[in-house]
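Secondary and tertiary structure notes
Listed below are the residues making up each chain.
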Amino acid sequence: QEVSACLITKTDTNPFFVKMKEGAEAKAAELGITLKSFAGRIDGDHETQVAAIETCIADGASGILLTASDTSAIVQAVQQARDAGLLVIALDTPLNPIDAADATFATDNFLAGELIGKWAAGKLGAEAANARIALLNLGISQPTVDVLRNQGFLQGFGIDLADPNKWGDETDPRIVGHDVTAGNEEGGREAMENLLVKDPSINVVHTINEPSAAGAYEALKSFGRENDVLIVSVDGGCPGVANVKDGVIGATSQQYPLQMAALGVEAIKAWADNGTKPEPTPGKDFFDTGVSLVTDEPVEGVESIDTAEGEALCWG
Amino acid sequence: MQPILSASNLCKRYGRVTALDNCDFELMPGEILAVIGDNGAGKSSLIKALSGAIKVDSGDIFLDGKKVNFSSPIDARNAGVETVYQTLAMSPALSIADNMFMGRELRKSGFMGKVLRQLDRPAMERIARQKLSDLGLMTIQNINQAVETLSGGQRQGVAVARAAAFGSKVIILDEPTAALGVKESRRVLDLILDVRARGIPIILISHNMPHVFEVADRIHVHRLGQRLCVIDPKDYTMSDAVAFMTGAKAAPGTTASAA
Amino acid sequence: MQPILSASNLCKRYGRVTALDNCDFELMPGEILAVIGDNGAGKSSLIKALSGAIKVDSGDIFLDGKKVNFSSPIDARNAGVETVYQTLAMSPALSIADNMFMGRELRKSGFMGKVLRQLDRPAMERIARQKLSDLGLMTIQNINQAVETLSGGQRQGVAVARAAAFGSKVIILDEPTAALGVKESRRVLDLILDVRARGIPIILISHNMPHVFEVADRIHVHRLGQRLCVIDPKDYTMSDAVAFMTGAKAAPGTTASAA
Amino acid sequence: MSNQSEADGGLVARVESIASFEHQHTMLSRIQHALHSNPALVPLIVLVLSVAVFGALLGTKFFSSFALTLILQQVAIVGIVGAAQSLVILTAGIDLSVGAIMVLSSVIMGQFTFRLGLPPAVAVACGLAVGTFIGFVNGWLVARIKLPPFIVTLGMWQIALASNFLYSGNETIRAQDIEASAPLLQFFGQSISVGGAVFTYGVIFFILLVLVLAYILRHTAWGRHVYAVGDDPEAAELSGVNTKRILMSVYALSGLICAFAGWALIGRIGSVSPTSGQFSNIESITAVVIGGISLFGGRGSILGMFFGALIVGVFSLGLRLLGADAQWTYLLIGVLIIGAVAVDQWIRKVSA
Amino acid sequence: MSNQSEADGGLVARVESIASFEHQHTMLSRIQHALHSNPALVPLIVLVLSVAVFGALLGTKFFSSFALTLILQQVAIVGIVGAAQSLVILTAGIDLSVGAIMVLSSVIMGQFTFRLGLPPAVAVACGLAVGTFIGFVNGWLVARIKLPPFIVTLGMWQIALASNFLYSGNETIRAQDIEASAPLLQFFGQSISVGGAVFTYGVIFFILLVLVLAYILRHTAWGRHVYAVGDDPEAAELSGVNTKRILMSVYALSGLICAFAGWALIGRIGSVSPTSGQFSNIESITAVVIGGISLFGGRGSILGMFFGALIVGVFSLGLRLLGADAQWTYLLIGVLIIGAVAVDQWIRKVSA
Ligand SMILES: Nc1ncnc2c1ncn2[C@@H]1O[C@H](COP(=O)(O)OP(=O)(O)OP(=O)(O)O)[C@@H](O)[C@H]1O
Ligand SMILES: Nc1ncnc2c1ncn2[C@@H]1O[C@H](COP(=O)(O)OP(=O)(O)OP(=O)(O)O)[C@@H](O)[C@H]1O
Ligand SMILES: [Mg+2]
Ligand SMILES: [Mg+2]
């Protein structure tokens, strides 16, 4: 009997999910599984994801790989799929509650943020106490990853988080301001410009992903500040790693979407063949696919890999 | 006798154009008052002011001797003043029947009408067809036709039929026969006389002097945004009236201005 | 003599309504041909067909004896056939001058006009004002006024002035005086006679029998989408013409149908 | 009296029969006429054809009562919002704030229950009231201050959406919690099954709403006035329609319907999520326009919108089941939007 | 001859003077008249006022040549797209595909250079050609097949965006690579500084484009025809305008301008990114409508759009500098969009 699986990502325009899809397709081809992919239109579009889950049920798929746009809102649809006998695996982002999915293969986004926060603090050394920080986030709807990376960064940098479930409520005077970028270059540039006019003394920039970091860099360049500001980011895509190498970005946290997707497809195959479910990483309630800090300027006390290694592992 | 509808010192400016310039107006009960004047003299502006369709800059309007302040054509209609505008004021995509009953639709009796507020379409269509036949608008083939598919003259006929059917105190007609054929025009004139016979006074704006002289009891001559004079058609010829209105002759009761 | 513009067997249906029903038509060089008929008889449809504004379902149109197939009013205009439609066809937000020169704007000479294609506004305004004055439309205060701010009659005057200024072979006027005042109507009639004196034939649709009988060389009587007959105004009275057009009398050349 | 009467003399013996032309009553001309006079018929035909095509391509996977009723469930929210949008568009307006009103209302229903501890029924009533109020403000600005609807609702969209994020603190209320303590919020998520067909209360509400609005628009004075206002507001005003009142009531009703959509949304996704409905405005407008309602107002029927919403639903599900990937699906839906309207236009042309 | 002449007898001695009323030429009435006849003046006033207010509140941080030219840089892309949008809206259309055409063109310029290895100049030409072609297809569907512009461009939006993602493989071309091997692509990113003021070539292009279009719309026959088509297409057709050709040329030109916007976009963000410009359509429409161009066509001026775009830019930056956070900025921009247009409406009313 033919086994089919579904991959549902937040969007299919972010290179991260594009890579994830490629990884899943490669694995599916290898295992002889039919894979159909679906995606929301923008980050936060969970209704299209619900429709996709329903489509998979109607289509008689064996399992679903899901990166949820709204980790709570999707739960009911996921339950419906599980009731219909499908294996649901959360990729990249755990559901809320995490056991709403049969298994979770994820990057720890909070950890990813924490790594770059620690690195930035370490890089500045004593100056960290007087840092001027700009935070370039994803969108005003504050999707889960957005919050996790932002808060992780602040925690790593040593800033009190107030409510860790949202960004923007911190009162630390080192924070110059928040702005939103939609996760692309254009938004990154405009947000950076706004914050620079507000306070030209900014010297640390946290960006939600590498495209917005590239945009922020263009803005800094036009202000003549590209050499004295630290930019940190998350993702680890090949252009991002190249940007780290070129000194555009100081450090980035690398994730492994190809691996997540491949593992997910294997798990569905196993479920279809003999009904076994994957096991979480010992000591955690999900299977951690790992995250590593990529930088050519390692700092004391933060484990990192260099860009050569990063380029070998990068995804797109 | 007290005028049924009157106005004094109406002024209305559009940007740099003065449409009404201290204009007075009087309509007596039961009469047909024609308003004549050159194109752009301000006749339409005058009746729009009287029927609440535009707000004047200054001046007062009196209905039955009481000062009124119509803020919209609905107010005027509710007070019994019914108007056919030069632009006809019809909704092109709606049917003839819908247009005739716009704003005073008939509802079914009983539950359907009271609770579900359902329109009584058959009745509205019947009455609409009746009114159009009275005007001799026989070429209208389908009462549910959208107004936009009617010929110019047919549209005008529908508008006149609407006013005649519903006016209770004053009926104002702005060039009601401009686009009508000979037969249809005659019907409208007959209808105007009918309406007067019912005791309802009429204001008739027209460029057609034979029509005006045929039906009017008095003629209000409008020139440059003002009432130039009011004449009795029995005392003057058409030629005189035209001469007054174009400024060729001095109007009676004014000092001479042109040869 | 060969007709300058003729048509045979034109048919046009709108949904369930038949507007033209095997209609024939002939316009002779240098004549004024009046077209009369009831509202909705299909007069406007006929001239729209002749001027390329609608596509007929069947039938042929000949200009100077050659079969033509106007696919748009532009084609007709380029062939020298200029039309004033009943709806006037003006762009309300544009100025009088813009409207008069729509589609045949004057460009400045030299670099500004040839390369930058700049319009020669002063010239267009001057000519527009001239044409309007010829028609006696004196109440228009500002040639750059938007057409939507003109009174109904003023608008019609602008449309007629446009056609008269540019028609070279045939001028078609669909009720050109419907909204015009006495003075302005007289000007239009004078203008029609002027145009004929220049040798250009005119098709005049009108409901105003005195006007028709005053200027027309021949009268095309339209009824129920067809040409009922063509009469000479010198041989018949107005009363006869109206009787033909309303079906009260049998038309000459047809077998008797009504008493 | 005057010489005019000279011409009128010819009228004495006039024939008073009603003018009549011959009519051909062929089958084809009847169909054409039906298509012409029922604007909703064309989208219905497109819908039936597309169901047939996908049914043929996909077999029972698509052509089952389960899948077909699933489409209804998937379009119900957009369809309810589309009903609100239809009303506004019929008045020649446009409402970009529909999605924002919907999600803000649902957030209020949820947060009033869970944060303020109000009884669910009261919270729902508050949500409906807020939706109506926002709609009313839109209507007031459009009717009284005479601002263009596009601008008013564009501004209101941003205002309502930002308020939604600010008020909710970007917090999703979980389905389990709602189920446990305020099942009323999920009311529209309950369903009845007949065979394989599943009708959620949300779907039933959607269908009833369309029928009721179709009745109101066609058979009440208010409905005719809505058309008249959209057709030519000046003429409507002159011929005795209180255009301001009509506009304000239309926008307020639109707000109320959107608030109901917000309630139905909770039923559909189980939880209360402030990130919902970001494309509701564009999707509802798509449904309205595919359904044959003119964006210039005054023309079209709400049943057309119903079919329009279903057409989009059928294409989305059908293409997904065919395995088209998301971008290809968007591309094809783009092509099909244009195609559907081109077919519509073509049929109308034939029948004109 | 006939009795009509009886009435005409009165005309013999008619006075042929031009009718004239007295005019009051007060200062106020002159201002009112100026406002009335120059639709771009009102947004200009709103713009000046808002700059003044933010300048007063924020001092030199905002009111410096640097910050003010930064606003120009921030609005240049939306403004260029807005110029395209203005043309389409003047014909009573709407172009939802502007953003998608822009980003697809920029991706083509980038990918043709880097993937196909074409010389940058050729790749740019190809990008411009593709943009023009898509615009032309829009125009063809609108003019020839007579589909509603909203639907055509809604479909085209999805088609172009999906093609963009499919063709680019969601691959970003990095600024550093472009700088190294195809600096022509970043042409519009270069800048000249005068004092603190920074004018990128993109900004200069934007300003020139607006001036040229303003000239064309006002002083050429084509421009007057664009207005006529938007005003009343039927009347325009009857009075001798080739409406089809005008529509097609407008949409094609709009496509070309969007392609230029795509080129300018590369200059602004340095890289070629397929995820850019997602909100360009809504933002450009906002600029157009705040600038006083009627969505019903035929009224307004492109200079108004220019000021409209700047108003949005001023508010965005000003609010940020005042310390409003992102969500509050959204909310306030919503309020201010409505407010700006309300002021506009109020001024027009005074002057009517
Ligand atoms: N909305 C408007 N805006 C600007 N000017 C206007 C407006 N309406 C009318 N006018 C001007 O006011 C003057 C009077 O116009 P009005 O329509 O009252 O004339 P009228 O006597 O009815 O002419 P007609 O016999 O041609 O209908 C005209 O000069 C006209 O241009
Ligand atoms: N676009 C249209 N759609 C449907 N029916 C139409 C359309 N245009 C005209 N008709 C119908 O065709 C018939 C002829 O109309 P037409 O306008 O030619 O009459 P007319 O002789 O010019 O009348 P009038 O003297 O009133 O202008 C009328 O019955 C009219 O209802
Ligand atoms: Mg008038
Ligand atoms: Mg006619």
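Throughout this description, residue numbers start from 1 for each chain and increase along the sequence as written. Each chain is given a letter, starting from A, and each ligand a number, starting from 1, according to the order in which they appear as written. Two thresholds apply to this predicted model, a pLDDT of at least 70 for residue-level local features and 80 or more for giving and counting side-chain atom pairs, whereas whole-chain, interface and lining totals are computed over all residues. Values shown for side chains rest on all heavy atoms present in the structure; no hydrogens or waters enter the calculation.

**Comments concerning the overall build of chain B**
Labels follow the DSSP assignment, with helices taken as runs of H or I lasting at least four residues and strands as runs of E lasting at least two, numbered in each case from the N terminus. In terms of helices and strands, chain B carries nine helices and 10 strands. For this measure, only C-alpha atoms enter the radius of gyration; the expected value for a globule follows 2.2 Å times N^0.38, where N is the number of residues. In terms of C-alpha radius of gyration, chain B reaches 19 Å, essentially the compact-globule figure of 18 Å for 259 residues. Considered along the principal axes of its C-alpha atoms, chain B spans approximately 65 × 40 × 40 Å. The cut-offs for exposure are 20% and 50% of the maximum accessible area for each residue type, with area from a 1.4 Å probe on protein chains only; residues under the lower value are buried, those over the upper are exposed, and the others partly exposed. With 259 residues in all, chain B has 60% of them scored as buried. Contacts are residue-level and defined by heavy atoms, with any inter-residue pair within 4.5 Å sufficient. Considering only intrachain contacts with a sequence separation of at least 6, the fraction spanning at least 24 residues in chain B is 63%. Only the protein chains shown count as cover for residues, with accessible areas throughout obtained via the Shrake-Rupley method and a probe of 1.4 Å. With the model as given, the accessible surface of chain B reaches about 9100 Å², and the carbon-plus-sulfur share is 49%.

**What about helix 6 (residues 152-166) of chain B?**
Helical geometry: 3.6 residues make up each α-helical turn, so side chains three or four residues apart lie on a common side. Residue and element names in this part refer to chain B. What a helix should span is 1.5 Å times the count of its residues minus one. Across its 15 residues, helix 6 extends 22 Å between first and last C-alpha, which sits within 8% of the 21 Å expected from 1.5 Å per residue. The buried fraction of helix 6 is high, at 11 of 15 residues. Along helix 6, the residues classified as buried are Gly 153, Gln 154, Gln 156, Gly 157, Val 158, Ala 159, Val 160, Ala 161, Arg 162, Ala 163 and Ala 164. Residues of helix 6 that are buried sit in contact with strand 6 (81-84), helix 3 (96-100), helix 5 (121-134), strand 7 (170-174) and helix 7 (182-197).

**Here we look at the coordination of the magnesium ion (ligand 4)**
In this analysis a donor is any N, O or S atom within 2.8 Å of a metal ion (3.2 Å for sodium, potassium and calcium), and since water is not included, sites may seem incomplete. Distances from the magnesium ion (ligand 4) to its protein donors, Ser44(C) (OG) and Gln86(C) (OE1), fall within 1.8 to 2.1 Å. Note that Ser44(C) is positioned in helix 1 (residues 43-50) and Gln86(C) in the loop between strand 6 (81-84) and helix 3 (96-100), a separation of 42 residues in sequence.

**Quick word on the site of ligand 1**
Nearness here has a simple test: a residue counts as near a molecule or strand if at least one of its heavy atoms is within 4 Å of that partner. As a matter of local geometry, ligand 1 sits amid 21 residues, with Lys43(B), Ser44(B), Ser45(B), Thr149(C) and Ser151(C) nearest to it. Polar contacts, as counted here, are pairs of nitrogen or oxygen atoms within 3.5 Å of one another; within protein the pair requires one atom able to donate a hydrogen and one able to accept it, and residues that are adjacent in sequence qualify only if both atoms are side-chain atoms. Between ligand 1 and the protein, one listed contact pairs an oxygen atom with a side-chain N or O atom of Gln154(C) at 3.3 Å. Coverage of ligand 1 by the protein amounts to 88% of the 640 Å² it exposes when considered alone. Tallied by class, the residues present in the shell around ligand 1 amount to five nonpolar, 13 polar and three charged. Classification convention: Asp, Glu, Lys, Arg as charged; Ala, Val, Leu, Ile, Met, Phe, Trp, Tyr, Cys, Pro as nonpolar; all other residues, Gly among them, as polar.

**With respect to a nonpolar patch on the surface**
Within the patch definition used here, like charges are joined within 9 Å and nonpolar side chains (Val, Leu, Ile, Met, Phe, Trp, Tyr) within 5 Å, considering only residues with over 30% relative accessible area and no salt bridge. One speaks of a salt bridge when a side-chain nitrogen belonging to Lys or Arg is within 4 Å of a carboxyl oxygen belonging to Asp or Glu. Side chains of Phe111(B), Met112(B), Val115(B) and Leu116(B) sit close together on the surface and give an oily, nonpolar patch of about 360 Å² of accessible area. Mapping Met112(B) onto the fold places it in helix 4 (residues 110-114).

**Structural notes on the relation of the copies chain D and chain E**
In superposing the copies, a least-squares fit is computed on C-alpha atoms, taking residues whose pLDDT is at least 70 in both. The operation relating chain D to chain E is a screw motion whose rotation component is 180 degrees, with 0.1 Å of axial translation and a residual RMSD of 0.2 Å. This pairing of chains is accounted for by a two-fold axis. Both copies share a contact surface, since 98% of the interface residues of chain D are interface residues in chain E too.

**Structural notes on the sheet that holds strand 10 (residues 226-231) of chain C**
Residue and element names in this part refer to chain C. Strand order in the open sheet formed by six strands is 6-7-8-3-9-10, and the pairing between neighbours is mixed. Across the chains shown, the open sheet's two edge strands, defined by having one partner strand only, are strand 6 and strand 10. Strand-to-strand, the axes of this sheet are offset by a mean angle of 20 degrees, without reference to chain direction. Here helix 1 sits on the sheet in contact with strand 3 (32-37), strand 6, strand 7 (170-174), strand 8 (202-205) and strand 9 (218-223), set at roughly 155 degrees to strand 8. Here, any two strands with at least 2 DSSP bridges between them count as paired. Interaxial angle, 0 to 180 degrees, is taken between N-to-C directions of lines fitted to C-alpha atoms, where a helix line uses only the stretch in contact.

**Some words on the interface of chain D and chain E**
A common way to express how large an interface is: the accessible area buried when the components associate. With 41 residues of chain D at the interface, the matching set in chain E holds 41 residues. Counting across the chain D and chain E interface gives zero residue pairs in polar contact (both at pLDDT 80 or more). Where the side of chain D that touches chain E is concerned, the elements lending two or more residues are helix 7 (149-168), helix 13 (280-290) and helix 15 (326-351) of chain D. If one sorts the elements of the side of chain D that touches chain E by residue count, helix 7 of chain D sits on top with 13 residues. Of the residues belonging to the side of chain D that touches chain E, the class tally is 30 nonpolar, 10 polar and one charged.

**Looking at the side chain of Gln111(D)**
All names here are of chain D. Mapped onto the secondary structure, Gln 111 falls in helix 5 (residues 98-114). The exposure class assigned to Gln 111 is buried, which follows from its relative accessible area of 2%. The contacts of Gln 111, once residues within four sequence positions are left out, are Leu 116, Tyr 167, Ser 168, Glu 171 and Ile 173.

**Considering the confidence of the model for chain D**
The predicted structure's coordinates, where accompanied by low pLDDT, should not be read in detail. In this model, chain D carries an average pLDDT of 86, and 88% of its residues clear a pLDDT of 70 or more. Highest mean pLDDT in chain D belongs to helix 6 (residues 120-143) of chain D (97); lowest belongs to helix 1 (residues 4-8) of chain D (58). Note on scores: pLDDT gives the predictor's confidence for each residue, bounded by 0 and 100.

**Quick notes on the site of ligand 2**
Neighbouring residues of ligand 2: 21 residues in total, closest Ser151(B), Gly40(C), Lys43(C), Ser44(C) and Ser45(C). The contact in question runs from an oxygen atom of ligand 2 to an N or O atom on the backbone of Ala41(C), over 3.2 Å. The contact in question runs from an oxygen atom of ligand 2 to an N or O atom on the side chain of Ser44(C), over 2.6 Å. Across the complex, the protein chains shield 87% of the 640 Å² of accessible surface that ligand 2 would expose by itself. When contributions to the shell around ligand 2 are tallied by element, the ones reaching two or more residues are helix 6 of chain B together with strand 2 (17-27) and helix 1 of chain C. Residues that form the shell around ligand 2 fall into these classes: five nonpolar, 13 polar and three charged.

**Topic: the side chain of Arg77(C)**
By the element assignment, Arg77(C) lies in helix 2 (residues 73-78). At 4.4 Å, Glu82(C) is the nearest oppositely charged side chain to Arg77(C), a buried residue that forms no salt bridge. The contact partners of Arg77(C), leaving out residues within four places of it in the chain, are Glu82(C), Met102(C), Gly103(C), Arg104(C), Ser239(E) and Gly240(E). Asp and Glu are treated as the negative residues and Lys and Arg as the positive ones, with His and the ends of the chain left uncounted.

**Comments concerning the nonpolar core**
Residues belong to a common nonpolar core when they are buried Ala, Val, Leu, Ile, Met, Phe, Trp, Tyr or Cys residues joined through side-chain atoms within 4.5 Å. Formed by 261 residues in total, the largest nonpolar core has its most connected members in Ile53(A), Ile64(A), Leu66(A), Leu95(A) and Phe62(D). Sequence-distant contacts of Leu95(A), that is, excluding residues within four places in its chain, are made with Leu66(A), Ala68(A), Thr71(A), Ile74(A), Val78(A), Ala90(A), Ala100(A) and Ala101(A). Core analysis: the second largest hydrophobic core is formed by 35 residues, Met90(B), Ala128(B), Ile143(B) and Ile200(B) among them.

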